[in-house]
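Geometric and topological summary
Spelled out, the chains give:
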Amino acid sequence: MTVENNRNWAGNFKYNASEVHAPETVEQVQALVASSKRIKVLGTRHSFNSIADTNGCHLSLQKLNRVVELDRTNNRVTVEAGIRYGELCHYLHSNGYALHNLASLPHISVGGAVATATHGSGDLNGNLATAVYSLEVVKADGETIVLARDQADGVFAGAVVGLGGLGVVTTITLDVVPSFNMSQVIYENLPLAQLENHFDAIFSSAYSVSLFTDWKSPSFNQLWMKMKLPDAAAATLAEPEFYGAKLAKSHLHPVPGASPVNCSEQMGIAGPWYERLPHFRMDFTPSAGEELQSEYFVPRKDAYLALCAINRLRDQISPYLHVSEIRTIAADSLWLSPCYKGEMVAIHFTWKDNWEAVQQLLPIIEEQLKPFHARPHWGKLFTMSPAELQSHYEKLPDFQQLLRSYDPEGKFRNDYITKYILGT
Ligand SMILES: Cc1cc2nc3c(=O)[nH]c(=O)nc-3n(C[C@H](O)[C@H](O)[C@H](O)COP(=O)(O)OP(=O)(O)OC[C@H]3O[C@@H](n4cnc5c(N)ncnc54)[C@H](O)[C@@H]3O)c2cc1C
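Residues numbered from 1 in each chain as written. Predicted model: local features only at pLDDT ≥ 70, side-chain atom pairs only at ≥ 80, totals over all residues. Heavy atoms only, no water.

**Observations regarding the overall build of the protein**
Rules: In this description a helix means any DSSP run of H or I spanning at least four residues, a strand means any run of E spanning at least two, and both kinds are numbered starting from the N terminus. Partly exposed residues are those whose accessible area sits between 20% and 50% of the maximum for their type, while under 20% is buried and over 50% is exposed, using a 1.4 Å probe and protein chains only. By definition, residues are in contact when any of their heavy atoms lie within 4.5 Å. Using the Shrake-Rupley algorithm and a 1.4 Å probe, accessible areas are obtained, with residue cover drawn only from the displayed protein chains. When charges are counted, neither His nor the chain ends are considered; positive counts come from Lys and Arg and negative counts from Asp and Glu. We put the charge of a Lys on NZ, of an Arg on CZ, of an Asp on CG and of a Glu on CD.
For the protein, the helix and strand inventory stands at 11 helices and 20 strands. For the protein, the C-alpha atoms occupy an extent of roughly 60 × 50 × 40 Å along the three principal directions. For the protein, with 424 residues in total, the buried portion stands at 60%. Counting only contacts in the protein whose residues sit at least 6 apart along the sequence, the fraction spanning at least 24 positions is 72%. A total of about 17000 Å² of accessible surface is found on the protein, and carbon and sulfur atoms cover 49% of it. Of the charged side chains in the protein, 35 are positive and 44 negative, and the gap between their average positions amounts to 2 Å.

**Concerning the site of the ligand**
This is how the line gets drawn: Nearness of a residue to a molecule or strand requires only that one of the residue's heavy atoms be within 4 Å of it. For the purposes of these results, a polar contact is taken to be a pair of N or O atoms within 3.5 Å, where, inside protein, one atom must be able to donate a hydrogen and its partner to accept one; residues adjacent in sequence count only when each atom of the pair is a side-chain atom. Residues are grouped as follows: Ala, Val, Leu, Ile, Met, Phe, Trp, Tyr, Cys and Pro are nonpolar; Asp, Glu, Lys and Arg are charged; all remaining types, including Gly, are polar.
Taken together, the neighbourhood of the ligand is formed by 36 residues, with Val41, His46, Ser47, Ser109 and Thr116 sitting nearest. The contact in question runs from an oxygen atom of the ligand to an N or O atom on the backbone of His46, over 2.7 Å. Gly112 places a main-chain nitrogen or oxygen 2.9 Å from an oxygen atom of the ligand. For the ligand, whose unbound accessible area comes to 970 Å², protein coverage reaches 98%. Those elements giving two or more residues to the shell around the ligand turn out to be strand 2 (39–42), helix 3 (110–115) and strand 9 (168–175). Within the shell around the ligand, the residues separate by chemical class into 16 nonpolar, 15 polar and 5 charged.

**Thoughts on helix 1 (residues 26–35)**
Residue pairs spaced three or four apart in an α-helix point in one direction, given the helix's 3.6 residues per turn. What counts here: By construction, the arc corresponds to the directions joining the helix axis to the C-beta atoms.
Inspection of helix 1 places Val26, Val29, Leu32 and Val33 among the buried residues, and these make up the whole buried set. Across the axial projection of helix 1, the buried residues extend over an arc of 120°, all falling on one side. Facing away from the buried surface of helix 1 by more than 90 degrees, the exposed residues are Glu27 and Ser35. On its buried side, helix 1 packs onto strand 1 (19–21), strand 2, strand 3 (57–60), strand 7 (132–138), strand 8 (144–148) and strand 9.

**Examining the pattern of salt bridges**
Using the following cut-off: Criterion for a salt bridge: a side-chain nitrogen of Lys or Arg within 4 Å of a carboxyl oxygen of Asp or Glu.
The tally for this structure, following the rule as stated, stands at 14 salt bridges. Linking Glu394 and Lys341 is a salt bridge whose minimum nitrogen-to-oxygen distance equals 3.9 Å. Of this pair, Glu394 sits in the loop between helix 9 (386–391) and helix 10 (396–406) while Lys341 is found in the loop between strand 18 (321–329) and strand 19 (344–351), placing the two residues 53 residues apart along the sequence. The pair formed by Glu394 and Lys341 is uniform in burial state, with each residue classed as exposed. Two residues, Lys395 and Asp398, come together in a salt bridge whose shortest N-O distance is 3.7 Å. Asp398 sits in the partly exposed class, given a relative accessible area of 29%. The network of salt bridges with shared partners includes Glu295, Glu325, Arg327 and Lys380.

**Some points on the sheet that holds strand 3**
Through backbone hydrogen bonds, the strands of a sheet pair up, either in parallel or in antiparallel fashion. This is how the line gets drawn: Strand pairing follows a simple DSSP-based rule, namely that at least 2 bridges must link the two strands. Geometry is summarised by axes, namely lines fitted to C-alpha atoms with helices restricted to the contacting stretch, and by angles between N-to-C directions that run from 0 to 180 degrees.
Read across the open sheet, the 3 strands follow the order 1-3-2; overall the sheet is parallel. The open sheet has two edge strands, strand 1 and strand 2, and neither has a second partner. Between one strand and the next, the sheet's axes are offset by a mean angle of 30°, whatever the strand orientation. Sheet topology note: the strand 1/strand 3 ladder contains 3 bridges and is parallel.

**Looking at the packing of aromatic side chains**
Which entries qualify depends on this criterion: Ring pairs are drawn from Phe, Tyr and Trp, using the six-membered ring of Trp, whenever the two centres fall within 6.5 Å, and their geometry is named by plane angle: stacked under 30 degrees, edge-to-face over 60, tilted for the rest. Here, over-ring charges are defined by two tests on the NZ atom of lysine or the CZ atom of arginine: distance to the ring centre within 6 Å, and angle to the ring normal within 35 degrees.
Considering all chains together, one arrives at 14 aromatic pairs under this definition. Taking 6.4 Å as the distance between ring centres and 35° as the angle between the ring planes, the aromatic pair formed by Phe180 and Trp273 counts as tilted. Linking Phe180 in the loop between strand 10 (177–178) and strand 11 (181–191) with Trp273 in the loop between strand 16 (271–272) and strand 17 (292–299), this pair joins segments that are 93 residues apart in sequence. You can call Phe180 buried: its relative accessible area is 6%. Put simply, the rings of Phe180, Tyr207, Trp273 and Tyr274 touch in pairs and so form one group of aromatic residues. Looking at Lys228, its charged tip hangs above the ring of Phe180, at a distance of 4.5 Å from the centre.

**Quick notes on the pairing of strand 12 (residues 208–213)**
Counting buried positions over the 6 residues of strand 12 gives 6, a clear majority of the element. Covered by surrounding structure in strand 12 are Ser208, Ser210 and Phe212 together with Val209, Leu211 and Thr213, the residues of both alternating faces. Sheet analysis places strand 12 next to strand 13 (residues 219–229), joined by 5 bridges and oriented antiparallel. Of the residues in strand 13, the one forming a bridge with Ser208 is Lys226. Hairpin connection from strand 12 to strand 13: 5 residues lie between these consecutive antiparallel strands, with Trp215 at a positive phi of about 60°. Sheet topology note: the strand 12/strand 18 ladder contains 4 bridges and is antiparallel. Bridged to Phe212 within strand 18 is Glu325.

That is the geometry; function is a separate question.
Shown next as structure tokens:
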């Protein structure tokens, strides 16, 4: 068995796959799919739950990681789905292009990020799956199909955030934008109370805004503001104070007290988009694990009340937490996106590696967030019942139908899909 001891990145989940293959061509993928009874794509193993598990064959796309084509006429790039954002970003930037947004770290595969609606922050920024223009999918019978945004049958909107259940996504075409520069500043100690009347002003203050807290007090330890700069402009001096928070005078790590050496450049220093949008540097290889993650999406209009609900739990939460991050995401039209038809706010928890304690806390958090119809991140840890989860996705019946028509014998199915998507 290869691929990092058959465990996910955090080490908290051991896959049940009996073998791992790493094909180098689409034809090899087709042959493997056609000859397998059970098969599941493995991306960069960054999910924290059983979503990528299988008791059949694992198909790692680590060798299908090339850039296929840059279409300068339509501003699109086509890549093999195993490419990591970090690798793609270098290529795009050197060709004068950018992606509209990135997640907190660039080591994640494009195929895996798209499959789970991975997101960054920014009021006007949809999650990373919203950049998908088309997908080439190897279906259960080994045949390939191309799904594109402008096809009339609507299947594309159901297939993009596909949780790996519809087939093997071999190539993805993404919208790109002209390359841009950014600068990043951090403010310290933003009182939670400021969000009651200033939520919109705070989150719309920059291209991408994140709040971080360890929930030791009713305030956010840090506010990260990532600003898009006009062409060739140098970053302007940031105001010393922002809604009661003070401009940081040195580089900071989101986790209080941790060294910022691996964090992306701060202090208003201008630089390319792909070195400012993630919180961590590409050349820093995060060591495996020692953390668990959970994240819940609530409607933007409810964000302040939802955060107050979490604040009431802070004495219970903070001993087990590295840090919490709050981000905003634009609405989209992808069936299984947590942001389907609604602007959402994501409340994220990076936990210390103590599942025993975390699994006691998650039901309490989920209970507090119930009035806001919170949706858990597909790739992170949650304890919500399948029935409750399913009730938050109005297009779930359509997705179930898609799943059954693309994969009638359940070749790509695993316990996660059976329980949360098809279960009752
Ligand atoms: C340190 C860390 C930071 C993170 N930061 C963020 C963040 O900022 N924002 C956020 O939203 N999430 C974040 N995540 C979660 C992460 O983005 C998701 O779990 C994502 O799905 C991981 O991608 P992966 O390639 O590792 O996929 P895996 O975990 O390997 O697989 C996830 C799912 O995608 C499917 N899949 C993967 N590739 C394909 C393919 N080519 N075809 C079909 N199905 C496929 C798999 O079968 C599986 O169902 C973070 C995770 C970690 C560990």
